[in-house]
Amino acid sequence: MAADPPARGPARPPGAAPDQARPSGTATGPARPAGAVASPADPDAATGRAARRGRRAGWWRRKSLRFRLTAVASAVLAVALAASAYVLVGVLGRALIAGTDDAIHQRAREVVSLADAGRLPVEMTSPDGVLVQVIDAAGRITHATPGTDRLLPLLDAGERATAIARGGAGFVDGGPYGIPHVLRVRVLSADQGRTVIAARPFSEVQTSVNTAAHVLLVGTPLLLVLLAGVSWVIVGGTLRPIAALRRGAEEITDTARSRRLPVPESRDEVHSLAVTLNDMLARLEKADARQRALVSDAAHELRSPLASIRLQLEVALGHPEGQDWRETAEGVLEDTMRLARLAEDLLALARLDERGGALARREPVELDRLVPQTVERYGEAVTMRVSPVPDGAIVVTGDALDLGRVLVNLVDNALRHTVSPVVVGLRTEGADAVLTVTDDGSGIPEADRERVFDRFTRLDSARSRDHGGAGLGLAIVRETVHAHGGAVTLEDAAPGLRAVVRLPLS
């Protein structure tokens, strides 16, 4: 007696989990007592959550940059590798299924062609592992490959009609037919009501996909560990020059200011950082040296008038009966005025250094009014020559007080060396206003015309206490003019010297 055919139904894809009973309701949180009323958010609980988040963020910030970079890179690699493995397994499965479908479809078409031509062999073979059943219009199996049931079709009449209408392949459990595999089945129709069923075991595809999944499951973590180690080494090598910069910075002290940070050989951002930091150290060293020189020179300049005042007062107090107190007072007043001028000059330089080359005020300054007002204070000792301007006033942008001090310093310096009256000129040349101060003194050698603009620089002929200044006047002039965007130079006046100040017109 033939066994009853197995119950057929929609095929379930391989690996699909059976349906499970689901309860009518699921709990989404802890059970709430009956009659309980939801209360608003507890501020203490919110504060606690914020504190925990802050501790977690603080833990992350306390880790080294090398650890954080490696952790972030490893996390990104883990996500990328997991996504790649998932996509690879999916693509491999679909490719193998597509290859199996093509094989059984091709084999079915060949059998249909032979059936339509009446050339079906009595004993059908299956060299490619495809199982074939040829079923006539009455539902009987007329031809079949070895290993295939010759009494019971893999699909009944209704399933065959559905498969032909669908036009694709499907899954069939081969257990009821003595085939211990899930089969991939394709059905094609032939002439005279015949039907060709071609099937192939799906175990090969499952084995290949499972093998690839196992390899990726083991290999992906190993690859991730390897890449994390490589990232750790690479990040460490990248940060090594920064660590060298840190150690070099620790060695720089107030007694070793001339040290420089190590510059890496690679031309990357760290190299640029090291070069920039060394340039900054050079500027700081230069500023420190300049500050120390200023303090030293200021102390030297202050010592002379203070020693003179002390000497005069000690002599006057030691011999009061024969002392001309008026003469003593005049000498002390002269030294005191010298101290006052030095203090004013130092204060002016300090303000210029504090502003870093910026102007205290930016306002229109009419030089054709400022210069004559300043010259009038000197009387006949200074003459004025102003070239006419077609457009009217000669206006520059800057600080009127600072520009007035520039002119006063130049005129005072010229009066200490001139025989005839000092000549002050004002004119325009292109986009510049040109201010000149000319004397007929002995002049300055060309080799010293730049050096005299340095602070506390005085030529030998101007070192006397009666005539020479502290050597700050021309330094104040140059820095003030530079702050106004101009330039100052010294020229030969034959005889004498001419100071030329150029300022951009507004």
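For clarity, every value in this text was computed on a predicted model and none was experimentally measured. (Residues numbered from 1 in each chain as written. Predicted model: local features only at pLDDT ≥ 70, side-chain atom pairs only at ≥ 80, totals over all residues. Heavy atoms only, no water.)

(A) Structural view of the overall build of the chain. Helix and strand counts for the chain stand at nine helices and 12 strands. Pairs at least 24 residues apart make up 61% of the contacts formed inside the chain by residues separated by at least 6 positions. Taken as a whole, the chain presents about 31,100 Å² of accessible surface, with 57% of it coming from carbon and sulfur. (Helix = DSSP H or I, 4+ residues; strand = E, 2+ residues; numbered from the N terminus. Contact = heavy atoms within 4.5 Å. Areas by Shrake-Rupley, 256 points an atom, 1.4 Å probe, with all protein chains shown as cover.)

(B) View of the sheet that holds strand E10 (residues 432-439). Read from one edge of the open sheet, five strands run E7-E9-E10-E12-E11, paired in mixed fashion. The two strands at the open ends of the sheet, each matched to only one other strand, are strand E7 (382-386) and strand E11 (487-492). Neighbour to neighbour, the strand axes of the sheet diverge by 20 degrees on average, direction disregarded. Where E11 lies against strand E12 (residues 497-504), six bridges are found, and the strand directions are antiparallel. Following the sheet pairing, Leu-490 is matched in E12 by Ala-499. Packed on one face of the sheet, helix H8 (residues 400-415) meets E7, strand E9 (422-429), E10 and E12 and runs near 25 degrees to E10. Packed onto the sheet, helix H9 (residues 473-483) meets E11 and E12 and runs at close to 130 degrees relative to E11. (Pairing = 2+ DSSP bridges. Axes fitted to C-alpha atoms, helices over the stretch in contact; angles between N-to-C directions.)

(C) The pattern of salt bridges, seen in detail. Going through the model one piece at a time under the given rule, you end up with 16 salt bridges. A salt bridge links Arg-260 to Glu-285; the nearest nitrogen and oxygen atoms lie 2.8 Å apart. With Arg-260 in the loop between helix H4 (203-251) and helix H5 (269-318) and Glu-285 in helix H5, this residue pair connects regions lying 25 residues apart in the sequence. Between Glu-366 and Arg-369 there is a salt bridge whose closest N-O contact spans 3.7 Å. Sharing partners across several salt bridges, the network here consists of Arg-427, Glu-429 and Arg-502. (Salt bridge = Lys/Arg side-chain N within 4 Å of Asp/Glu carboxyl O.)

(D) The packing of H4 against H5, seen in detail. One way to put it is that H4 packs onto H5 with a least axis distance of 10 Å and a crossing angle of 10 degrees. Judged by the angle between their axes, H4 and H5 are roughly parallel. Each of Thr-238, Pro-241, Ile-242 and Leu-245 in H4 lies in contact with H5, whose residues at this interface are Val-270, Leu-273 and Ala-274. For the contact of H4 with H5, the class distribution of residues is six nonpolar, one polar and no charged. (Parallel < 35°, antiparallel > 145°, perpendicular 65-115°, else oblique. Nonpolar A, V, L, I, M, F, W, Y, C, P; charged D, E, K, R; others polar.)

(E) Broad picture of the side chain of Arg-478. Mapped onto the elements of the fold, Arg-478 is located in helix H9. On the basis of relative accessibility, which here comes to 16%, the residue Arg-478 falls in the buried class. Beyond its immediate chain neighbours, meaning those up to four positions away, Arg-478 contacts Glu-450, Phe-453 and Val-488. (Buried < 20%, exposed > 50% of the residue type's maximum accessible area, 1.4 Å probe, protein only.)

(F) Region of the structure containing the sheet that holds strand E2 (residues 141-144). Within the open sheet, the five strands sit side by side as E2-E1-E5-E4-E3. Their pairing is antiparallel. Pairing within the sheet leaves two strands with one partner each, and these edge strands are E2 and strand E3 (170-173). The sheet shows a mean angle of 30 degrees between the axes of neighbouring strands, taken without regard to direction. Here strand E1 (residues 131-135) pairs with strand E5 (residues 195-201) via five bridges, running antiparallel.

(G) Up close: the nonpolar core. Counting 32 residues, the largest nonpolar core has Leu-367, Val-371, Leu-410, Val-424 and Val-437 as the members making the most contacts within it. Counting residues per element, this core draws most heavily on H8, at six residues. If we skip the residues at most four places from it in the chain, Val-424 touches Val-371, Val-375, Val-382, Thr-383, Met-384, Arg-385, Leu-407, Val-411, Leu-435, Thr-436 and Val-437. (Core = buried A, V, L, I, M, F, W, Y, C linked by side-chain atoms within 4.5 Å.)

(H) Just unusual backbone geometry, in detail. With an omega of 0 degrees, the peptide bond between Ala-494 and Pro-495 qualifies as cis. Topologically, Pro-495 is positioned in the loop between E11 and E12. Despite not being glycine, Gln-192 has its phi angle at roughly 60 degrees, a positive value. With respect to the element layout, Gln-192 can be found in the loop between strand E4 (182-189) and E5. Among the residues examined, Gln-192 registers a relative accessible area of 66% and is labelled exposed. One non-glycine residue, Ala-494, adopts positive backbone phi at about 45 degrees. As for its position among the elements, Ala-494 is in the loop between E11 and E12.

(I) Broad picture of the pairing of E1. Across the five residues of E1, five count as buried, placing the element largely inside the fold. On E1, burial covers both faces: Leu-131, Gln-133 and Ile-135 on one face and Val-132 and Val-134 on the other are all buried. Two elements, E1 and E2, share three bridges in a ladder whose sense is antiparallel. When the sheet's bridge partners are listed, Ile-135 is paired in E2 with Ile-141. The turn joining E1 and E2, which pair antiparallel and follow one another in sequence, is formed by five residues; a positive phi near 90 degrees is taken by Gly-139.

(J) Region of interest: a nonpolar patch on the surface. On the surface, Trp-59, Trp-60, Phe-67, Val-72, Val-76, Trp-232 and Val-233 cluster together into a nonpolar patch covering about 650 Å² of accessible area. For the nonpolar patch, the secondary-structure elements that each account for two or more residues are helix H1 (43-62), helix H2 (65-117) and H4. With three residues, H2 is the single largest residue contributor to the nonpolar patch. (Patch = residues over 30% accessible without salt bridge, like charges linked within 9 Å, V, L, I, M, F, W, Y side chains within 5 Å.)

(K) Representation of the packing of aromatic side chains within the structure. Summed over the entire model, instances satisfying the criterion amount to one aromatic pair. Aromatic pair Phe-171 and Phe-202: ring centres 4.9 Å apart, planes at 90 degrees, arrangement edge-to-face. Of the two residues, Phe-171 is situated in strand E3 and Phe-202 in the loop between E5 and H4; the sequence distance between them amounts to 31 residues. Exposure class is identical for Phe-171 and Phe-202. Each is buried. The aromatic ring of Phe-453 is capped on one face by Arg-478, whose charged end is 4.0 Å from the ring centroid. (Phe/Tyr/Trp six-rings, centres within 6.5 Å; stacked < 30°, edge-to-face > 60°. Lys NZ or Arg CZ within 6 Å of the ring centre and 35° of its normal.)

(L) Summary view of the UniProt feature "transmembrane region" (unreviewed entry) in the chain. Those residues carrying the UniProt feature "transmembrane region" (unreviewed entry) are residues 65-89 and 212-237 in this numbering. Split by type, residues 65-89 is 100% helix and 0% strand. Its first and last C-alpha atoms lie 36 Å apart. Note that residues 212-237 is 100% helix and 0% strand, and that its end C-alpha atoms are spaced 36 Å apart. (UniProt positions renumbered as here; feature names shortened; annotations may be inferred.)

(M) View of the packing of helix H6 (residues 325-355) against H9. The N-to-C vectors of H6 and H9 enclose an angle of 30 degrees; their axes lie 10 Å apart at closest approach. As summarised for this structure, H6 and H9 are arranged roughly parallel, according to the angle between their axes. In the packing of H6 onto H9, the handedness of the crossing is left-handed. Residues Asp-345, Ala-348, Leu-349, Leu-352 and Asp-353 of H6 lie in contact with H9, whose contacting residues are Ile-476, Glu-479 and Thr-480. The residue inventory of the contact of H6 with H9, partitioned by class, reads four nonpolar, one polar and three charged. (Left-handed = near helix turned anticlockwise from the far one by under 90°.)

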